[in-house]
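Residue-level structure breakdown
Take a look at the letters that make up each chain.
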Amino acid sequence: MAPDTLDSIRRTIRDVPDFPKPGILFKDITPVLANPALLAQTIDGMIEATGITKVDKVVGIDARGFIFGALIAARLGAGFIPVRKKGKLPWQTRGVDYALEYGTNSVEMHLDAITPGETVLLADDLLATGGTAAAALHLIGQAGGRVLGSTFFIELAFLGGREKVSGPGPVHSLITY
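Quantities reported herein were computed from a predicted structural model and do not represent experimental measurements.

As for the overall build of the protein chain
Scanning the protein chain from terminus to terminus reveals six helices and nine strands. Rg of the C-alpha trace for the protein chain: 16 Å, near the compact-globule value of 16 Å for 177 residues, within the 12% margin. Seen through its principal axes, the protein chain has C-alpha atoms that stretch 40 × 40 × 30 Å. In the protein chain, which comprises 177 residues, the share counted as buried stands at 44%. A fraction of 57% describes how many contacts in the protein chain between residues 6 or more apart in sequence connect residues 24 or more apart. Total accessible area on the protein chain is roughly 8700 Å²; 56% of this is exposed by carbon and sulfur atoms. Across the protein chain, the mean location of the 17 positive side-chain charges is 3 Å away from that of the 18 negative side-chain charges.

Written out as structure tokens, the structure reads:
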């Protein structure tokens, strides 16, 4: 991706101090989503960073990962698979619990979402601590999917999430803070 395009995307991301609680500087991507040209360039950049041109399925994580994952899947001619919070999918699921800073959470995927041997790209808006992405990768592995890589719009490198998702395929982030 051209450096000026990346700079334009980076400048459009809005900083919101003290959201959702005091001391947090939230990176608001909604201005990028609202701009059709920047959104298209973001999706192109996330795909380009992976070097992947063909994949069977793209997995997106609840909720903004659905936006990026579905658009990437459409561009790659692949199916889209949602990984959702426990109890939100309507059919038979497989799930995994994962640790949060304080407590645990659970995510699920439909049992028939991925068949053994299918190639998979994981996509999400944000790589922070890596817990949710690692849980999604675990679900893909349980289903027998072959992860070709993971792509994120933004990575908060200071939170160390990349270490939790390294392994099944390379990890790429379009913008790193």
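Considerations on the UniProt feature "domain: Phosphoribosyltransferase" (unreviewed entry) in the protein chain
The positions UniProt marks with the feature "domain: Phosphoribosyltransferase" (unreviewed entry) are residues 53-152. Taken end to end, residues 53-152 is 26% helix and 42% strand, and its two terminal C-alpha atoms sit 17 Å from one another.

Observations concerning unusual backbone geometry
Residue Pro20 is bonded to the preceding Phe19 through a cis peptide linkage, with omega at 5 degrees. Mapped onto the elements of the fold, Pro20 is located in the loop between strand E1 (14-17) and strand E2 (25-28). Across the junction of Asp62 and Ala63, the peptide omega takes the value 5 degrees, indicating a cis bond. Within the secondary structure, Ala63 sits in the loop between strand E3 (57-61) and helix H4 (64-76).

Observations regarding the layout of surface pockets
Estimates place the volume of the largest pocket at around 1400 Å³. When contributions to the lining of the largest pocket are tallied by element, the ones reaching two or more residues are E2, strand E5 (93-99), strand E6 (104-110), strand E7 (119-127), helix H5 (131-143) and strand E8 (146-155). The residue inventory of the lining of the largest pocket, partitioned by class, reads 23 nonpolar, six polar and ten charged.

Describing the packing of helix H1 (residues 3-12) against helix H3 (residues 36-50)
Put simply, H1 and H3 touch, their axes get as near as 10 Å, and they point 120 degrees apart. Crossing geometry of H1 relative to H3 is assigned as left-handed. The segment H1 lies against H3, with Thr5, Ser8, Ile9 and Thr12 engaging Leu38, Gln41 and Thr42. Its residues placed into classes, the contact of H1 with H3 shows two nonpolar, five polar and no charged.

With respect to the environment of Ser106
With respect to the secondary-structure elements, Ser106 resides in strand E6. Given a relative accessible area of 12%, Ser106 falls into the buried group. Considering only alpha carbons, one finds Ser106 and Asp28, 78 residues apart in sequence, at a separation of 25 Å. Beyond its immediate stretch of four places on either side in the chain, Ser106 contacts Arg84, Lys85, Lys86, Val96, Asp97 and Tyr98. Polar contacts involving the side chain of Ser106 include one to the side chain of Asp97, which spans 2.3 Å.

Procedures and definitions
Residues numbered from 1 in each chain as written. Predicted model: local features only at pLDDT ≥ 70, side-chain atom pairs only at ≥ 80, totals over all residues. Heavy atoms only, no water. Helix = DSSP H or I, 4+ residues; strand = E, 2+ residues; numbered from the N terminus. Rg over C-alpha atoms; globule rule 2.2 N^0.38 Å. Buried < 20%, exposed > 50% of the residue type's maximum accessible area, 1.4 Å probe, protein only. Contact = heavy atoms within 4.5 Å. Areas by Shrake-Rupley, 256 points an atom, 1.4 Å probe, with all protein chains shown as cover. Lys, Arg positive; Asp, Glu negative; His and termini not counted. Charge placed at Lys NZ, Arg CZ, Asp CG, Glu CD. UniProt positions renumbered as here; feature names shortened; annotations may be inferred. 1 Å grid on protein atoms, 1.4 Å probe; cavity = no way out; pocket = protein on both sides within 12 Å on 5 of 7 lines; lining within 4 Å. Points joined across faces, edges and corners; volume = space filled by probe spheres on them. Nonpolar A, V, L, I, M, F, W, Y, C, P; charged D, E, K, R; others polar. Axes fitted to C-alpha atoms, helices over the stretch in contact; angles between N-to-C directions. Left-handed = near helix turned anticlockwise from the far one by under 90°. Polar contact = N/O pair within 3.5 Å; in protein donor to acceptor, adjacent residues only side chain to side chain.

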